[in-house]
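# Structure at a glance
The residues making up each chain are set out below.
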Amino acid sequence: MNIEKAEVLVSSPGRNFVTLRITTDDGLTGLGDATLNGRELAVAAYLTEHVVPLLLGRDAHRIEDTWQYLYRGAYWRRGPVTMAAIAAVDTALWDIKAKAAGLPLYQLLGGKSREGLMVYGHASGLDIPELFDSIREHLEEGYRAVRVQTGIPGLPSVYGVAHSKNAAAGSASGSDARYDYEPARRNAIPVEESWDTRAYLRHVPAVFEAVRNEFGPELPLLHDAHHRLTPIQAAKLGKSLEPYDLFWLEDVTPAENQAALRRVREHTTTPLAIGEVFNTVWDYRELFEEQLIDYVRSPITHAGGITALRRILDYAAIYQIKSGMHGPTDVSPVGLAAGIHLGIAIQNFGMQEYMMHSPATLEVFRTTFSFENGMLAPSEAPGLGIEYDDEAAAGYAYASAYLPVNRLLDGSMHDW
Ligand code: GCO
Ligand code: MG
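Residues numbered from 1 in each chain as written. Chains lettered and ligands numbered in written order. Predicted model: local features only at pLDDT ≥ 70, side-chain atom pairs only at ≥ 80, totals over all residues. Heavy atoms only, no water.

This part covers the site of ligand 1. In the neighbourhood of ligand 1, 16 residues make up the surrounding shell, with Tyr159, His226, Glu276, Asp330 and Glu353 lying closest. With respect to ligand 1, the side chain of asparagine 37 contributes an N or O atom lying 2.8 Å from an oxygen atom. Between ligand 1 and arginine 297 there is a distance of 3.0 Å, counted from an oxygen atom to a side-chain nitrogen or oxygen. For ligand 1, the protein covers 94% of the area, taking 340 Å² as the surface of the free molecule. (Near = heavy atom within 4 Å. Polar contact = N/O pair within 3.5 Å; in protein donor to acceptor, adjacent residues only side chain to side chain. Areas by Shrake-Rupley, 256 points an atom, 1.4 Å probe, with all protein chains shown as cover.)

This part covers the domain arrangement of the protein chain. Reports of interface size often rely on the accessible area that becomes lost once the parts have come together. Under the domain assignment, the protein chain is made up of domain 1 (3-103) and domain 2 (117-382). Look at where the C-alpha atoms of domain 1 and domain 2 centre, and you get two points 26 Å apart. Contacts between the two partners involve 34 residues from domain 1, matched on the other side by 31 residues from domain 2. When domain 1 packs against domain 2, the two sides together hide about 2,400 Å² of surface, and 55% of this comes from carbon and sulfur. Aspartate 330 is the partner of arginine 15 in a salt bridge, and the nearest nitrogen-oxygen pair spans 3.9 Å. Linking domain 1 to domain 2 there are 15 residue pairs in polar contact (both at pLDDT 80 or more). Looking at the side of domain 1 that touches domain 2, the element that brings in the most residues is helix H3 (residues 80-101), giving ten residues. Residues that form the side of domain 1 that touches domain 2 fall into these classes: 16 nonpolar, twelve polar and six charged. (Domains from an automatic or database assignment. Contact = heavy atoms within 4.5 Å. Buried area = accessible area lost by both parts, 1.4 Å probe. Salt bridge = Lys/Arg side-chain N within 4 Å of Asp/Glu carboxyl O. Helix = DSSP H or I, 4+ residues; strand = E, 2+ residues; numbered from the N terminus. Nonpolar A, V, L, I, M, F, W, Y, C, P; charged D, E, K, R; others polar.)

Attention now goes to the coordination of the magnesium ion (ligand 2). For the magnesium ion (ligand 2), the full set of protein donor atoms is Asp224 (OD), Glu250 (OE) and Glu276 (OE), and the range of their distances to it is 2.0 to 2.1 Å. Spacing between the donor residues of the magnesium ion (ligand 2) along their common chain follows D-x25-E-x25-E. Of this pair, aspartate 224 sits in strand S7 (residues 221-224) while glutamate 276 sits in the loop between strand S9 (272-274) and helix H10 (285-289), and the two are 52 residues apart along the sequence. For the residue pair aspartate 224 and glutamate 276, the accessibility class agrees, reading buried in each case. (Donors = N, O, S within 2.8 Å, 3.2 Å for Na, K, Ca; no water. Buried < 20%, exposed > 50% of the residue type's maximum accessible area, 1.4 Å probe, protein only.)

Along the chain, the position of serine 134 falls in helix H5 (residues 128-140). Assessed through its relative accessible area of 9%, serine 134 is described here as buried. Other than its neighbours up to four places away in sequence, serine 134 contacts His122, Ala123 and Ser124.

Before going further, it helps to spend a moment on unusual backbone geometry. At arginine 78, a position not held by glycine, the phi torsion is positive, near 70°. Mapped onto the elements of the fold, arginine 78 is located in the loop between helix H2 (63-72) and H3. Positive phi is not limited to glycine here, since asparagine 187 has a value of about 55°. Within the secondary structure, asparagine 187 is located in the loop between helix H6 (165-169) and strand S6 (192-195).

Read across the sheet, three strands follow the order S1-S2-S3 without closing on themselves; strand pairing throughout is antiparallel. The open sheet has two free edges, formed respectively by strand S1 (3-11) and strand S3 (29-33), since each of these has just one partner strand. Strand-to-strand twist across the sheet, computed as the mean angle between neighbouring axes with direction ignored, equals 20°. Two elements, strand S2 (residues 17-24) and S3, share five bridges in a ladder whose sense is antiparallel. Each bridged residue has a counterpart across the sheet, and for leucine 20 the counterpart in S3 is glycine 32. Lying on the sheet, helix H1 (residues 40-55) is in contact with S1 and S2; it crosses S1 at an angle near 175°. (Pairing = 2+ DSSP bridges. Axes fitted to C-alpha atoms, helices over the stretch in contact; angles between N-to-C directions.)

Below, the structure is given as structure tokens:
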């Protein structure tokens, strides 16, 4: 079963996606997600110029060897572009292998360890009443856990907070308010937002107090600090949120400095999640061995594929650290489906992020997984259970779109 064709598919149904489709000489196809939000074409070029020519004629069954060949053989190891490209190849080959076996992919990963994956959605609001509405809407849709983000008094807009519903009606992506918090204008440079950490630290505990008072003690609540704090600020935030019993507090400090989490951990028992921008196990080594975090945020798409994330999570399991796979709408349905298959199979599953893709995205990526009672579950279709509709994709041409950048009130650049 040799690789005959490998196509790099770039489309923009609601937002930009890069998908790799591998076809074997016996006619099986496999899909892999290679989407790197805001840097999509770098991965597309890496695949087209440097990976596809190496794949043609290779045995599609040799997943491990292909992974090692692309990782070790490149000389230039790691990095988000390289690892997203390797992830796409790896995922597509797993899809093919499972289709060849006539089994849903999770069966090749050891079979089911659970019936479904607990997920959380993104509730947000510019103020508390709007936030409460958003939480209620999520609960009505079946979510049993929510991430909570709000506007900060004094800041005109905050990343991760949906604009008001009226503003969203005319949004470029055509999606509803929930998906409209990345103010990405097409074919334009990034939007600039301003940030004030002290105002944020003053406001957030009061928000969680209000949410707990309204929704009670049981609902799992999460929060994302988007790498914006220093270690001591992060420690203070974790401590101040302890009474509200968060499921996790995410990305408190910029992720490059693993030792920063040591400071945070010394001061708080709020569970910590990190890693959506990591790309190999090396980014986690200190964090695992010193037990500085509780959840691994890497998705398959950005961590080198199913082969690599499985290894990362097995390593994490030794330290009772669990998965918390990234699942925003820029991880394509292919990347999400791969995560569902892995999540259902591993022992140390924690929580899966699930924002739901827009109707346009789902027109191009035909999914078969289900979302019921707050849980995601794979279908019994062979492979990943995703089909890519070329005809629908042709109607959605790529147009650049960037995440916003973040400046302090004095105009200087700040971390994400
Ligand atoms: C999350 C994330 C996203 C990212 C986005 C980057 O936790 O879901 O932080 O909102 O910012 O996916 O591409
Ligand atoms: Mg995040």
